[in-house]
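Examining the three-dimensional arrangement
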Amino acid sequence: RILTQVEALQPALLVVDSIQTMQLADIGSAAGSISQVRESAARLQAMAKSSGVAVFLVGHVTKEGSIAGPRVLEHLVDTVLYLDAFHAYRLLRSVKNRFGPTTEVGVFEMRGSGMIEVPNPSEAFLAERMAEAPGSAIALTMEGTRPLLVEVQGLTSPTPFGNPRRTANGIDFNRLLLTVAVLSRRVGLPLGEQDVFVNVVGGLQVREPGIDLALAAAIASSARDRPLPPDLAMVGEVGLSGEVRTVSQLEARLNEASKLGFRRAIVPAGGRRVPSGPQGLEVLPARSLQEALRFALG
């Protein structure tokens, strides 16, 4: 019936919500089965190619993030977009694109009137920051090709139990364990009897290693009960030897920091040439975690 309507109306755009509810009468299985989803998508694809109508297929996802039903659906289409939810925001990511890059990310906010574009997501993530509180650090991260400034919070507290707790929200748990070990061994921070809690504000999941330096600084700031400068941002991957390793697209990150009024940025000193940064932003290159913490905490 949908294909007949398309032929009669000749629309410019067709949105099918959802592909798991489509059913072909000549296939005996129920809607949502592997054969129904695959054949329905194939018929819609053939119609799109022959008529020039752009087709959006909405597919439900499982808890693991994969499209429910057969993954063959992803192979049939030209572009696969995932809409990830975190708090009031939605991230639109491209994981497959035959006509362009897959590194672009759109940030939207869910309101009563629908999804509204967030033109400056960094500003939204930092809106409620308590700049003078110990344990708060600003990380220069990347979501695809879009630079984002996010607040990383760290809290240390003496543990009443034999085994100290480690809790990570927004970053990989193993990355937290690695950072705590480097702080303990290379910096001499006594965390063996401290519970350590880490949170990325806004519900954002940060997977890139460039957040390591801000993560370490937030934990050190809480442990020493000394706030970081409110106009300081930082980026860098921390190695097991305590070295600060370079990251990609450093200039784009520094430009984003300058736009939001930050005046200093700690960046990796090794590897490629360290950019001078935009006017008004002082760039502080650090070769080791110890050196970076001296810049940040004195």
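Everything numeric here is computed off the predicted structure, so don't read it as measured data.

**Some thoughts on the pairing of strand β14 (residues 264–268)**
For β14, the buried fraction is high: 4 of the 5 residues fall into the buried class. Pairing geometry for strand β11 (residues 232–234) and β14, over 3 bridges, is parallel. Bridge pairing in β14 places Leu232 opposite Arg264.

**Some words on the layout of surface pockets**
The volume enclosed by the largest pocket comes to roughly 940 Å³. Residue lining of the largest pocket: 32 residues in total, with Phe56, Leu57, Val58, Thr79 and Leu81 positioned closest to the centre. Going through the elements one at a time, β1 (13–17), α2 (34–51), β2 (54–58), α3 (72–76) and β3 (79–86) are the ones with two or more residues in the lining of the largest pocket. In terms of residue class, the lining of the largest pocket is built from 24 nonpolar, 4 polar and 4 charged.

**Considering the pairing of strand β5 (residues 105–111)**
Pairing of strand β4 (residues 89–97) with β5 involves 5 bridges; the strand directions are antiparallel. The partner of Leu92 across the bridge, within β5, is Gly106. Here β5 folds back onto strand β6 (residues 114–117) in antiparallel fashion, the turn holding 2 residues.

**Observations concerning the pattern of salt bridges**
Taken as a whole, this structure holds 11 salt bridges when the rule is applied. Measuring nitrogen to oxygen at the nearest pair gives 3.2 Å for the salt bridge that ties Arg111 to Glu109. The exposure class assigned to Glu109 is partly exposed, which follows from its relative accessible area of 22%. In this structure, Glu243 engages Arg245 in a salt bridge whose closest nitrogen and oxygen atoms are separated by 2.8 Å.

**Topic: a nonpolar patch on the surface**
Taken together, the side chains of Leu13, Val15, Phe56, Val58 and Leu81 make up a nonpolar region of the molecular surface, amounting to roughly 440 Å² of accessible area. Mapped onto the elements, Leu13 comes out in strand β1. The class of Leu13 is partly exposed, set by a relative accessible area of 47%.

**Comments concerning the nonpolar core**
Leu183, Ile219, Ile266 and Leu289 are the most contacted members of the largest nonpolar core, which totals 46 residues. Those residues in contact with Leu289 that sit more than four places away from it in its chain are Val182, Leu183, Val187, Leu213, Ala216, Val238, Gly242 and Val244.

**What about the environment of Ala133?**
Relative to the helices and strands, Ala133 is located in the loop between α4 (121–125) and β7 (136–143). The sequence separation of Ala133 and Ile27 amounts to 106 residues, and the corresponding C-alpha distance is 63 Å.

**Concerning the environment of Ala88**
Looking at the element boundaries, Ala88 is found in the loop between β3 and β4. Leaving out residues up to four positions away in the same chain, Ala88 has contacts with Phe108, Glu109 and Met110.

**Thoughts on the packing of helix α5 (residues 173–187) against helix α8 (residues 289–297)**
Two elements in contact, α5 and α8, have axes separated by 10 Å at closest approach and are oriented at 90°. Considered as vectors, α5 and α8 are oriented roughly perpendicular to each other. Listed contacts from α8 to Val182, Leu183, Arg186 and Val187 of α5 are Leu289, Gln290 and Leu293. The residue inventory of the contact of α5 with α8, partitioned by class, reads 5 nonpolar, 1 polar and 1 charged.

**Re unusual backbone geometry**
Omega for the peptide link from Asp17 to Ser18 comes to 5°, which places this bond in the cis form. Among the secondary structure elements, Ser18 is positioned in the loop between β1 and α2. Although it is not a glycine, Gln249 adopts a positive phi angle of roughly 50°. With respect to the helices, strands and loops of the structure, Gln249 is situated in the loop between β13 (244–245) and α7 (250–259).

**Some details on α2**
Under the 1.5 Å per step criterion, the end-to-end length of α2 is 26 Å for 18 residues, consistent within 8% with the ideal 26 Å. Along α2, the residues classified as buried are Gln36, Val37, Ser40, Ala41, Leu44, Met47 and Ala48. The buried residues of α2 occupy an angular sector of 120° when the element is viewed end-on, so they sit on one face. Facing away from the buried side of α2 by over 90 degrees, the exposed positions are Lys49 and Ser50. Where α2 is buried, its residues contact α1 (2–9), β1, β2 and α3. One or two positions beyond α2, positive phi appears at Gly52, with a value near 85°.

Conventions we followed
Numbering of residues starts from 1 in every chain and runs along the sequence as written. Whole-chain, interface and lining totals are the exception, using all residues; otherwise, since this is a predicted model, local features are given only for residues with pLDDT of at least 70 and side-chain atom pairs are given and counted only at 80 or more. No hydrogens and no water enter the side-chain calculation; it runs on all heavy atoms of the structure. Only protein chains enter the accessibility calculation, which uses a 1.4 Å probe; a residue whose area is less than 20% of its type maximum is buried, one above 50% is exposed, and one in between is partly exposed. Starting at the N terminus, helices and strands are each numbered in turn, a helix being any DSSP run of H or I of at least four residues and a strand any DSSP run of E of at least two. One bridge is not enough; two strands pair if DSSP finds at least two bridges between them. Using protein atoms alone on a 1 Å grid, points that fit a 1.4 Å probe yet trap it form a cavity, whereas open point sets bounded by protein on both sides within 12 Å along at least five of seven lines form a pocket; residues with an atom within 4 Å of a point count as lining. Grid points are joined across faces, edges and corners, and a volume is the space filled by probe spheres set on the points. Classification used: nonpolar for Ala, Val, Leu, Ile, Met, Phe, Trp, Tyr, Cys and Pro, charged for Asp, Glu, Lys and Arg, polar for all others including Gly. Just to be clear on terms, a salt bridge is a Lys or Arg side-chain nitrogen sitting within 4 Å of an Asp or Glu carboxyl oxygen. Note on patches: the residues involved have over 30% relative accessible area and no salt bridge, like charges join within 9 Å, and the nonpolar side chains Val, Leu, Ile, Met, Phe, Trp and Tyr join within 5 Å. Note on areas: Shrake-Rupley with a 1.4 Å probe; residue coverage comes only from the protein chains shown. By nonpolar core we mean a set of buried residues, namely Ala, Val, Leu, Ile, Met, Phe, Trp, Tyr and Cys, connected to one another through side-chain atoms within 4.5 Å. Two residues form a contact once any of their heavy atoms are found within 4.5 Å. Axis definition: a line fitted to C-alpha atoms, limited for helices to the stretch in contact. Angles are taken between N-to-C directions and run from 0 to 180 degrees. Roughly parallel covers angles under 35 degrees, roughly antiparallel covers those over 145, roughly perpendicular covers 65 to 115, and oblique covers all other angles. A helix is expected to span 1.5 Å multiplied by its residue count minus one. Directions are taken from the helix axis to each C-beta atom, and the arc is the one they span.

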